[in-house]
Amino acid sequence: MAVPQKLPTAAAATALSLAFLMPFLLPTEAQIGVCYGTLGDNLPSRQDVVKLYQSNGIGAMRIYWPDQPALQALQGSGIKLILDVPRESIQSLGSDPSAAMQWVQTNVVPFASSIKYIAVGNEVYQYTDIAPSVGPAMQNVLNALNSANLGGQIKVSTAIDTSLISKPYPPSGSEFSDMSFMGPIVDFLKTNGSPLLVNVYPYLVYVYNKQVMDVNYGLFTSPRTILADKATGLQYQNLFDVIVDSVYTALSKAGAPNIAIVVAESGWPSDGGDAATVGNAETYYRELIKHAKQGTLLKPGQGIETYLFAMFDENNKSGDPTEQHYGLFYPNQQPKYQLNFN
Ligand SMILES: *[C@@H]1O[C@H](CO)[C@@H](O)[C@H](O)[C@H]1NC(C)=O
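The structure presented is a predicted model; accordingly, all values stated were derived computationally and were not measured. Here the residue numbering is sequential within each chain, running from 1 through the sequence in written order. Per-residue local features are limited, in this predicted model, to residues with pLDDT of at least 70; the limit for side-chain atom pairs, both in listing and counting, is 80 or more; totals at the level of whole chains, interfaces and linings are taken over all residues. The basis for every side-chain value is the complete set of non-hydrogen atoms in the structure, without hydrogens or water.

**A short note on the packing of aromatic side chains**
In plain terms, the rule: Only Phe, Tyr and Trp rings are paired, with Trp represented by its six-membered ring, and only when their centres lie within 6.5 Å; those with planes under 30 degrees apart are stacked, over 60 edge-to-face, the remainder tilted. Think of it in three bands: residues with accessible area under 20% of the maximum for their type are buried, residues over 50% are exposed, and the middle band is partly exposed, with areas taken using a 1.4 Å probe on protein chains only. Every helix listed is a DSSP run of H or I at least four residues long, and every strand listed is a run of E at least two residues long, numbered separately from the N terminus.
If you walk through the whole model with that rule in mind, you get 12 aromatic pairs. Residues tyrosine 284 and tyrosine 285 carry aromatic rings whose centres are separated by 6.0 Å and whose planes lie at 75° to one another, so their mutual orientation is edge-to-face. For the pair shown, tyrosine 284 and tyrosine 285 are each scored as buried. Aromatic side chains phenylalanine 309 and tyrosine 326 sit 5.6 Å apart centroid to centroid with 70° between the ring planes, which places their arrangement in the edge-to-face category. Taken together, the residues span a long stretch of sequence, with phenylalanine 309 in the segment after β12 (306-308) and tyrosine 326 in the segment after β12 at a distance of 17 residues. A single burial state applies to phenylalanine 309 and to tyrosine 326, both of which are buried. Pairwise contacts between aromatic rings join Tyr203, Tyr206, Phe220, Phe240, Trp268, Tyr284, Tyr285 and Tyr337 into one cluster.

Printed below as a string of structure tokens:
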């Protein structure tokens, strides 16, 4: 559903009825969301960002810290959120239940109707000193939600990257490489019916293996099987399925075959590196939106809630040059690609 970006003032009556109808027209369970990063010095205001999501029919957002102006701008928008607990808060939330209580009171309770998931940490690496705090922080945040009567409505998880999976090729051979880190997290998710949030980047796998890999395997456009998994008989034509199925398999081997996966980030850069072109990126996002509804070979028909990375090109991101070119929109709000988000 596309709502006109700017409503003429003369159409006040239309605007009123649109505003009234919107909650009924928006899907209750958004399948496609977009991550909203803010590391740019030329990005639109929080209010304009929320309007841009609405005018494009994007029903879900991920933000990386409890950004109060963004949380306020989202009030009443109907947009559902993944709200991250940033890295620097994890240790204190893990060791101090009252800090978790305070964090939830300040950042969650006033905005609870917008929040669907809390991600305790993004891509926390298993061998770092905050890693042991992730599980306890998840539990303390959930306890705080429960005491605010929000535990049934908001799910607590963490967002992993797939470097935590060993032997992903083929997917049937995969497992979590460090169960001392993932074991307690998987048990928590299983006990509480939470999904595992996973950042999935076929682009990075492609770049690492570009000498021997066809780019179409990363872009969902390979006309033929690239990887046959002998143990399952599944014939893989795209890397996204391989990566996600490796996580499903690792969860199964950890005793939790029924935990859902939410793809909490996935994207393809338009510039700054090998195969990073506007054409490839547009193909990736378009095919990903279609594919998310279909599910993977291991769980066909089981749609995957998927958050595209990211809303804007962010000119203050450091690291690899591609990092500044993941935006679906330019900072001036013009779309980089022609995409239909629902
Ligand atoms: C952000 O990037 C712009 C463009 O490169 C630069 O002019 C500005 O100084 C940067 N700001 C910060 C805070 O790094």
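**Observations regarding the sheet that holds β12**
Note on sheets: strands pair through backbone hydrogen bonds, and any given pair is parallel or antiparallel. For clarity, the cut-off: Each pair of strands is called paired provided DSSP finds at least two bridges between the two strands. To get an axis, a line is fitted to the C-alpha atoms, and for a helix only the part in contact is used. The angle between two axes follows their N-to-C directions and goes from 0 to 180 degrees. Residues are treated as being in contact if the distance between any of their heavy atoms lies within 4.5 Å.
Read around the closed barrel, the eight strands follow the order β1-β2-β3-β4-β5-β8-β11-β12; overall the barrel is parallel. Looking at each pair of strands side by side, their axes are set apart by 25° on average, direction ignored. Of the pairings in the sheet, the one linking strand β1 (residues 32-35) to β12 comprises three bridges and is parallel in character. Paired with isoleucine 32 across the two strands is threonine 306, which belongs to β12. Strands β3 (80-85) and β4 (115-122) of the sheet are contacted by helix α4 (residues 87-95), whose axis makes an angle of about 75° with β3.

**Quick word on the pairing of strand β5 (residues 155-161)**
As a reminder, the rule being used: With its strands directed away from the observer, a crossover is right-handed exactly when the path from the first strand over the helix to the second travels clockwise.
The buried fraction of β5 amounts to six of the seven residues, a majority that puts the element mostly inside the structure. Two elements, β4 and β5, share four bridges in a ladder whose sense is parallel. Note that in β5 the partner of alanine 119 across the bridge is serine 157. Read from β4 through helix α6 (residues 131-147) to β5, the crossover connection turns out right-handed. Here three bridges tie β5 to strand β8 (residues 196-199), and the two strands are oriented parallel to one another. Of the residues in β8, the one forming a bridge with alanine 159 is leucine 197.

**A few points about the site of the ligand**
Definition in use: Throughout, near means a residue has at least one heavy atom within 4 Å of the molecule or strand. Polar contacts here mean pairs of N or O atoms no more than 3.5 Å apart (in protein, one a potential hydrogen donor and the other a potential acceptor; neighbouring residues in sequence count only if both atoms are side-chain atoms). Working definition of accessibility: Shrake-Rupley area with a 1.4 Å probe, residue cover restricted to the visible protein chains.
Looking at the ligand, the residues that line it are Asp41, Asn315 and Asn316. One of the side-chain N or O atoms of asparagine 316 is found 2.3 Å from an oxygen atom in the ligand. Contact with the protein chains removes 29% of the 360 Å² of surface that the ligand exposes when unbound.

**Here we look at unusual backbone geometry**
Here the residue pair tyrosine 169 and proline 170 is connected by a cis peptide bond, since its omega of 0° sits within 30 degrees of zero. Mapped onto the secondary structure, proline 170 falls in the loop between β6 (165-166) and β7 (175-176). Cis geometry marks the peptide bond from phenylalanine 309 to alanine 310, where omega comes out at 5°. For alanine 310, the position within the fold is in the segment after β12. Unusually for a residue other than glycine, alanine 275 sits at a positive phi of about 60°. Even without being glycine, glutamine 333 reaches a positive phi, approximately 80°. In this fold, glutamine 333 is placed in the segment after β12. Residue classification places glutamine 333 among the partly exposed residues on the basis of a relative accessible area of 22%.

**So, the environment of tyrosine 217**
With respect to the helices and strands, the residue tyrosine 217 is situated in helix α9 (residues 215-218). The class for tyrosine 217 is buried, based on a relative accessible area of 4%. In sequence terms tyrosine 217 and tyrosine 206 are 11 residues apart; their C-alpha atoms lie 8.2 Å from each other. Excluding its chain neighbours within four sequence positions, the residues that come into contact with tyrosine 217 are Ser222, Ile226, Leu227, Tyr236, Gln237, Asn238, Leu239 and Val242.

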